[in-house]
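Inside the fold
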Amino acid sequence: MEEKTLTSRSMQNFEAIIEGNIIYVDKTGYLAQMLEKGEGAWFLAHPRRFGKSLTVSALNSIFLGKNELFSGLVIEKRLHEPNFAPRPVIHLDMSAISPTSGLNRFESSLTYVISRIAESLGVEVSKNLKPSQAFSLLIKGCHKKNGRKVAVLIDEYDYPLTNLLDRPDDMDMDKVRKSLRRFYSQLKSNLRHISFVFVTGITKLAVGGLYAGCNNPIDISTDPQYGALTGFTHEEILRYYPYQIRQVAARQKMSENELLRKMKEYYYGFCFDGKTHLYNPHSMLRFFYHDYFGNFWFTSGSPQQLMTYWRKTHLNIEQFRNYSIPKEKIDSPNENAFHEPAVFLFRTGYLSLRPCHSNENYLLDYPNVEVRVALAKLILRSYHDSYESLEILLKTIKNAILERNPTFLIDGLNKLLAGIPREYYYGKKEYTNLKGSDGAFYCAQIFLVFYALNFNLQLEKHAALGRADFVVRAGNQTWAIGLKVSHNAANPNKTREFYEWADKAARKELAFMYFTEEMEANRRGYRDFSNNVTKRNDLPKKARLLATAILSGEMGLEALGPISRIMASILLERKAARLAKAGTENDLEKQGDAVEPTDQKLADLAFEEILNYEDQYDNPVILAFVINDRSRKITAYKDSVGSKKVGESG
């Protein structure tokens, strides 16, 4: 058998693929299935670069009667049946028409494209008409000239709308929407001149007039009968690309089974019907051609629109794992549903359906490693100006983790934080769903870094004696990481919030230590404890005795819990500073501000909270660090491998 050619990209021209002797994964059986239904309208909404345009191109060749192109394909027999006849085709690719220059330019461009199609079909249509008028004349003219009803193929019908998602002015989208409604309504007005309609896109918007225009087309987007119309199934990969699998396995020095397992992990898992799992053609062709496990998903969509959308909607990447959503939000042609973040991510290919036993809901999740990594990088890019510098930082952080080097990790994270424009810091609680915590924005950024590097990651890992913000596993390395945020100004002795609470409590004769012990037992936050302290006027006797014991040296700090130890050390520093300044213990109450703890003490506290993870993993790196919210950098840290700390000399 003649060896077929491998292309490095997913081609959209069916005729060019066949005549170029390029590998074609035969999907024509699904097209034959559609044609057997007779006249009608069909609709398919799948992400870009999945083969929708190639499907439209194959239909175009079918209706033009180019039967020689289908020799040996499933549909060949159907094309020679007496009840099938070629017909005139109006093939319109809406992705070639941009709306970003304004409504008038958009409409004139659309009319121009219609007039060019009319010219190629021998129909006269003026370039001075509105798009809807020109479209109507084209449909009628084709039917009249050829004596046969027309097949209308519209690819990327929603591109003019989705291309405006990153525009700040909704008026532009509204104007384009109304124009498209008038345009697509011509399909219904001219239904007697049309034999077949096939429309593709990534969204499902009734507002465009499409559903009304086509008189309710058959939607095959989530229909299991057409679950593999686009994309590649695993069986198709094995059937059509056995030579490439053998070649890549040999060059990667792994068995074919090992290669297939890794291919599935990286590229498999897209699903539009809840049953059929697919590879993305664009990624697989690039993988076979370039022979490495790369992230090719970046080049398969519209990253700028998605980055803008992500910033507008303040999403958290982890919230969409095993995400349950009502079926009507996915299935119904409702524009408001598309503005639901999960629907948007599904339509753009970042989420896929998972098996679900519910009749009312779908279950969504990320399809594979490539998409998860791509999305994490995309979100990071939305906060950083330079893609190149971000990639360098990610490599630095990856090497630091693999080489057990906390110093390099801290340096990489500091550079990452420094690359985020200041406006995102000012509104940082608006840019994350991890609200309610001062460290939320920083945690989200660091989480995205580990996610983008495809490390095994656990968040808020609780154990009997403590909690780690992140547990990161990469290769044979395990890191337990704790993070705290400091509000210290340039002078670390001037503080805000947390330290102010400690000072207020200290003025009530160290009663705070009693309440911090209570707080630790009940897992309440700092604010809860401070409110308890300041609201009580009659302090418990236990607190007074505890304060006296600490100040007199009768009780050591080791008798207290980790938070109370920090609090007690604050008080002792405060006492020592006032003694030094006043010269006498009797003048303590006359002195000013207390000496506050440094960021390093917070790092020590965080380190103690996660130290027990040494017993849970084999030789992990225990790392705790403090991000100073004023300087927006890591100002102190402590680790279990003996690295120098930020600010240490020599």
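Refer to the structure presented above.
To start, this report covers the structure provided alongside it. (Residues numbered from 1 in each chain as written. Predicted model: local features only at pLDDT ≥ 70, side-chain atom pairs only at ≥ 80, totals over all residues. Heavy atoms only, no water.)

Comments concerning the packing of aromatic side chains
In total, this model carries 31 aromatic pairs according to the counting rule given. Taken together, a centroid distance of 6.4 Å and an interplanar angle of 50° make the contact between tyrosine 30 and tyrosine 226 tilted. With tyrosine 30 in helix H2 (residues 28-35) and tyrosine 226 in the loop between strand E5 (218-219) and helix H10 (234-240), the pair connects residues that are 196 residues apart, well separated along the chain. Where phenylalanine 50 meets phenylalanine 272, the ring centres are 5.2 Å apart and the plane angle is 80°; that geometry is what we call edge-to-face. In this pair, phenylalanine 50 is assigned in the loop between strand E1 (40-45) and helix H3 (52-63) and phenylalanine 272 in the loop between helix H12 (256-267) and helix H13 (281-290), connecting sequence segments 222 residues apart. Per residue, the accessibility class of phenylalanine 50 equals that of phenylalanine 272, and both read buried. One Lys or Arg, lysine 262, reaches over the ring of phenylalanine 293 and ends 4.6 Å from the middle of that ring. (Phe/Tyr/Trp six-rings, centres within 6.5 Å; stacked < 30°, edge-to-face > 60°. Helix = DSSP H or I, 4+ residues; strand = E, 2+ residues; numbered from the N terminus. Buried < 20%, exposed > 50% of the residue type's maximum accessible area, 1.4 Å probe, protein only. Lys NZ or Arg CZ within 6 Å of the ring centre and 35° of its normal.)

Here's the deal with the nonpolar core
In terms of nonpolar packing, the biggest core is built from 68 residues, with Ile317, Phe450, Phe470 and Phe625 touching the most fellow members. If one sorts the elements of this core by residue count, helix H22 (residues 440-452) sits on top with 10 residues. Setting aside its immediate chain neighbours within four residues, phenylalanine 470 contacts Cys443, Ile446, Phe447, Phe450, Leu457, Gln458, Leu459, Trp479, Ala480 and Ile481. In this structure, Ile114, Leu161, Phe183 and Val197 belong to the second largest nonpolar core, which totals 34 residues. (Core = buried A, V, L, I, M, F, W, Y, C linked by side-chain atoms within 4.5 Å. Contact = heavy atoms within 4.5 Å.)

Describing helix H28 (residues 599-610)
Over its 12 residues, H28 runs 17 Å from end to end, which matches the ideal 16 Å to within 8%, given 1.5 Å per residue. Taking burial as the measure, the 12 residues of H28 include nine buried ones, the bulk of the element. When we look at burial in H28, the residues that qualify are Asp599, Lys601, Leu602, Ala603, Leu605, Ala606, Phe607, Glu609 and Ile610. (Expected span 1.5 Å × (residues − 1).)

What about the environment of valine 74?
Note that valine 74 resides in the loop between H3 and helix H4 (76-79). Distance in space between the C-alpha atoms of valine 74 and leucine 31 is 9.3 Å, their sequence separation being 43 residues. Among all residues touching valine 74, those that are not within four sequence positions of it are Asp26, Thr28 and Gly29.

A closer look at the sheet that holds strand E6 (residues 323-326)
What the three strands build is an open sheet, ordered E6-E8-E7; its pairing is antiparallel. Unpaired on one side and paired on the other, E6 and strand E7 (352-354) mark the two borders of the sheet. On average, each strand axis in the sheet is inclined to that of its neighbour by 50°, with strand direction left out of account. (Pairing = 2+ DSSP bridges. Axes fitted to C-alpha atoms, helices over the stretch in contact; angles between N-to-C directions.)

A word on the sheet that holds E5
In spatial order, the strands read E2-E3-E4-E1-E5; together these five strands make up an open sheet with parallel pairing. Both edges of this open sheet fall to strand E2 (89-93) and E5, since each of them pairs with a single strand only.

Observations regarding the packing of helix H18 (residues 369-383) against H22
Running from N to C, H18 and H22 cross one another at 140°; their axes reach a closest spacing of 8 Å. By the angle class used here, H18 and H22 are oblique. For the pair H18 and H22, the sense of crossing is left-handed. Within the contact between the two elements, H18 uses Arg372, Val373, Ala376, Lys377, Ile379, Leu380 and Tyr383 and H22 uses Phe441, Gln445, Leu448, Val449, Tyr451 and Ala452. Considered class by class, the residues forming the contact of H18 with H22 number 10 nonpolar, one polar and two charged. (Parallel < 35°, antiparallel > 145°, perpendicular 65-115°, else oblique. Left-handed = near helix turned anticlockwise from the far one by under 90°. Nonpolar A, V, L, I, M, F, W, Y, C, P; charged D, E, K, R; others polar.)

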